[in-house]
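Spelled out from the first residue to the last, the chains are:
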Amino acid sequence: MLKKTITWRELPDPHNVETAKYEVYDSDTGATIGMFDSREAAEEEVARMNRSDVEGLGEQQRKKDADPAAG
């Protein structure tokens with residue numbers, strides 16, 4: 001699985017065209033993870049989920065599987 005594939009996007013609220021909803025989804029699979037009323041809440045969920053991907057690895061795997069773009 002690709003690293004950091006969890007992201008968010010702004011969508012129109014189907015019940016109120018003057019406001020937006022924020023969808024958190026897996027860009028690798030296209031699966032929706034959740035809908036949020038604020039961009040900040042969506043960004044926090046993305047950060048939490050991407051962080052848990054790395055924290056879930058053991059110390060040995062963390063070094064071996066580290067994202068090369070992270071430097």
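Definitions and limits used
Residues numbered from 1 in each chain as written. Predicted model: local features only at pLDDT ≥ 70, side-chain atom pairs only at ≥ 80, totals over all residues. Heavy atoms only, no water. Phe/Tyr/Trp six-rings, centres within 6.5 Å; stacked < 30°, edge-to-face > 60°. Helix = DSSP H or I, 4+ residues; strand = E, 2+ residues; numbered from the N terminus. Buried < 20%, exposed > 50% of the residue type's maximum accessible area, 1.4 Å probe, protein only. Lys, Arg positive; Asp, Glu negative; His and termini not counted. Salt bridge = Lys/Arg side-chain N within 4 Å of Asp/Glu carboxyl O. Polar contact = N/O pair within 3.5 Å; in protein donor to acceptor, adjacent residues only side chain to side chain.

Visitor: Please provide a residue-by-residue account of the packing of aromatic side chains, values included.
Guide: If you walk through the whole model with that rule in mind, you get 1 aromatic pair. Each ring, one from tryptophan 8 and one from tyrosine 22, has its centre 5.8 Å from the other, and the planes form 65°; the classification is edge-to-face. Of this pair, tryptophan 8 sits in strand β1 (residues 6-13) while tyrosine 22 sits in strand β2 (residues 16-26); the two residues are 14 residues apart in sequence, bridging distant segments of the chain. On the basis of relative accessibility, which here comes to 28%, the residue tryptophan 8 falls in the partly exposed class.

Visitor: Got a sec to walk through the side chain of aspartate 26? Specific residues and values, please.
Guide: For aspartate 26, the position within the fold is in strand β2. Look at aspartate 26: it is buried, it has no salt bridge, and the nearest opposite charge is arginine 9 at 10 Å. For aspartate 26, the side chain forms a polar contact with the side chain of threonine 5, separated by 3.0 Å.

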